[in-house]
Amino acid sequence: MKQSPDMARLEQVLRSGRIVRGGFLGTDRRPLAEIIEADRAAVTRRGLTCERIAGRMAELTAAAMGRLGTWVDAGGGLQVRAEEHKGLIVCPWPHPARCRKRITTARRSETGQALQWTDLSIHLIGKHAFFQGRESAFRMEPDALIDFLGLTGEATAEDAGIWPTPKR
Amino acid sequence: MAQAVLAVLAISGVAAMLALILVVAERFIARYGSCTIDINQGTRQITIEGGKSLLNVLTEEKLFIPSACGGRGTCGYCKVTIREGGGPILPTETPFLTADEQEQGLRLSCQVKVRNDLVIKIPEELLSVREYTAVCEKIEDLTYDMKRFILRLQEPDRIDYVPGQYVQLLCPPYPGSDEEVYRAYSIASDPAETGRVDLIIRRVPNGICTTWCFEHLQEGQTVRINGPYGEFRLSDNPAPALFIAGGSGMAPFVSILHQMEHAHDTRSVRYFYGGNQVRDLCLLDEMKRFEEHLEDFTFVPVVAEPGPEESWDGRRGLVTEAVSEEFDNLADYEAYLCGSPGMIDAAIKVLKSLGIDKARVYYDKFA
């Protein structure tokens, strides 16, 4: 996928430490468009959409907010806990989205396997199909995340709006 | 083939020429000349060369408008009222301005370019904001993720503030963070010690400024702060007060309690301070000392879930639950809150259910 000049500028912001220390791309040297496309494709292969994944993450965060700072049973074998810090963090995309500085930890009761995400992670996945770069602080591998959340696919690639419908 | 190459060259040439014209125009034609900015109806007038953002101009003139994003138009904090000369509101501003604010002439100062004379209004208290250099005299561990930074002011060497107010700390570029950023922290020191500013800072995972404070800032190092800012403060009302805080939300209350001690304030205060575990609580000894020295002050630490190795015989549960258990009716009370936005939202909900007047709930959630 060819990267537009706007995407290249955005990539510069994401690689810099202007919004989070160390940036959003970690050690990932792939162009931003390629990172997004690869992760989108992984989501599509599972018959899901980024919006649906982000929606489930947001539900779990909302459940954790019922008792901020403590473990909450979220059902489906998952426990969640949210921690908040003062202040807001801005979305690096050129639009005025701001998120609370909140980290949700989710763990599977049976295995103890845990994942962490921020409110900004939810926004980036849901709105921009951006799961962050490899080895960045909050990178989420789409397949691992989908498995962890226990989501099963229904949507097709076409539903996800990722590949245009071929004209027949 | 040759035609295609020629076409590409021709287009590139035209594009390069246009770019050159733009650069020349910006440099030699788009000069705005000398511009005057009238601040607060003649309280102050500054004359500058036009072309910079209003926020930058004001900062250069040592008029500090709070801004968390360094002027990139993403935080929406740097609002000022422009009475004349601001031009139309830009699309980059509208998401941050309500219809009322737009009606009143509020603008994001980082987005307004000074091209002509301006008449502006900024909150009076910002006129007294100053920039200070200070030496980080001491760094104390308060918990596993909170430290107290004791700053000794150098130039100017004293600060006047109202307990409850905050300062902005300048975080310089360092490996992993490319630009200067400012972050707001409540002052946690005794206001009688005018040459000292204490900050209680909790580490934010991957946070730019807190990482710098925890990993790079050393005792003896010079730092820059500006302030004071904020409306959070103890009222003059003698009504009984409830303080509710979590984590580094302790900071403004330390300063307020010092103020009460100096004033021999007899006001009744119950302070509920919450932590997830015992290890999250700080300054318990200092709070005990305030209990001994203030006439009617009670400190109530609350732990949500003591860790398996932790011994705790104090209150358990969320800090908001402890408040609900303790009171049936708070109609006569004032409440002061400091902590994360979620904690403050939860506290407001509980306080409203206990009959407190919303106008008597004061908070600073930095969000």
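Every residue gets a number counted from 1 within its own chain, in the order that chain's sequence is written. Starting at A for chains and at 1 for ligands, labels are handed out in the order in which the entities are written. With the structure being a predicted model, the display of local features is reserved for residues of pLDDT at least 70 and the display and counting of side-chain atom pairs for 80 or more, all residues being used for whole-chain, interface and lining totals. In computing side-chain values, all of the structure's heavy atoms are included and hydrogens and water are not.

Formed by 68 residues in total, the largest nonpolar core has its most connected members in A:Ile53, A:Phe130, B:Leu242, B:Val323 and B:Leu351. Should any heavy atoms of two residues lie within 4.5 Å, those residues are counted as being in contact. When near neighbours in sequence (up to four residues on either side) are disregarded, B:Leu351 contacts B:Leu242, B:Ile244, B:Val323, B:Leu330, B:Ala335, B:Leu337, B:Ile356 and B:Val361. In plain words, nonpolar cores are sets of buried Ala, Val, Leu, Ile, Met, Phe, Trp, Tyr and Cys residues tied together by side-chain atoms within 4.5 Å. Burial classes: relative accessible area under 20% of the type maximum marks a residue as buried, over 50% as exposed, and values in between as partly exposed (1.4 Å probe, protein chains only). Formed by 31 residues, the second largest nonpolar core is a distinct cluster that contains B:Leu234, B:Phe243, B:Tyr273 and B:Val303.

Right, let's get into the pattern of salt bridges. The term salt bridge refers to a side-chain nitrogen of Lys or Arg lying within 4 Å of a carboxyl oxygen of Asp or Glu. A full pass over the atoms with the stated rule returns 35 salt bridges over all chains. Two residues, B:Glu140 and B:Lys138, come together in a salt bridge whose shortest N-O distance is 3.6 Å. We note a salt bridge from B:Asp160 to B:Arg158, for which the minimum N-O separation is 2.9 Å. Residues joined in a network through salt bridges with shared partners are A:Glu84, A:Arg100, A:Arg102, A:Asp119 and B:Asp345.

Quick look at the side chain of A:His85 now. Here A:His85 shows up in strand E2 (residues 78-90). When near neighbours in sequence (up to four residues on either side) are disregarded, A:His85 contacts A:Lys101, B:Arg202, B:Arg203, B:Val204, B:Pro205, B:Ser340 and B:Pro341. Only DSSP runs of H or I reaching four residues or more are called helices, and only runs of E reaching two or more are called strands; each is numbered from the N terminus.

Taken together, the 27 residues of chain A in the interface contact 40 residues of chain B. When chain A packs against chain B, close to 2800 Å² is buried across both sides, 52% of that on carbon and sulfur atoms. Between the two partners, chain A and chain B, sit three salt bridges. A salt bridge links A:Glu83 to B:Arg202; its shortest N-O distance comes to 3.0 Å. Broken down by secondary-structure element, the contributors of at least two residues to the side of chain A that touches chain B are E2 and strand E3 (98-108) of chain A. The term buried area refers to how much accessible surface (probe radius 1.4 Å) is lost by two components on association, counted for both of them together.

Residue and element names in this part refer to chain B. Aromatic pairs are defined between Phe, Tyr and Trp rings, using the six-membered ring for Trp, whenever the two ring centres lie within 6.5 Å; interplanar angles under 30 degrees are classed as stacked, those over 60 as edge-to-face, and all others as tilted. Counted under the stated rule, the structure contains 16 aromatic pairs over all chains. With a centroid separation of 6.2 Å and an interplanar angle of 65 degrees, the aromatic rings of Phe149 and Phe214 are classed as edge-to-face. Here Phe149, found in strand E7 (residues 146-155), pairs with Phe214, found in helix H4 (residues 208-215); they are 65 residues apart in sequence, far enough to count as distant. Residues Phe149 and Phe214 agree in their burial class; the two are buried. Measuring from ring centre to ring centre gives 5.2 Å for Phe253 and Tyr271, while their planes differ by 50 degrees; the resulting arrangement is tilted. Of the two residues, Phe253 is situated in helix H5 (residues 251-262) and Tyr271 in strand E13 (residues 269-275); the sequence distance between them amounts to 18 residues.

Here the focus is the sheet that holds strand E1 (residues 72-75) of chain A. Residue and element names in this part refer to chain A. Across the sheet, which stays open at both edges, the four strands sit in the order E1-E2-E3-E4 with antiparallel pairing between neighbours. In this open sheet, the two strands that pair with only one neighbour each are E1 and strand E4 (114-118). When the angles between neighbouring strand axes are averaged without regard to direction, this sheet yields 30 degrees. Following DSSP output, two strands are said to pair if at least two bridges run between them. Pairing of E1 with E2 involves three bridges; the strand directions are antiparallel. Residue pairing in the sheet places Asp73 in a bridge with Gln79 of E2. Axes, fitted as lines to C-alpha atoms, cover a helix only where it is in contact. Angles between the N-to-C directions of the axes lie from 0 to 180 degrees. Packed on one face of the sheet, helix H4 (residues 119-128) meets E2, E3 and E4 and runs near 80 degrees to E4.

These figures come from the coordinates and say nothing about function on their own.
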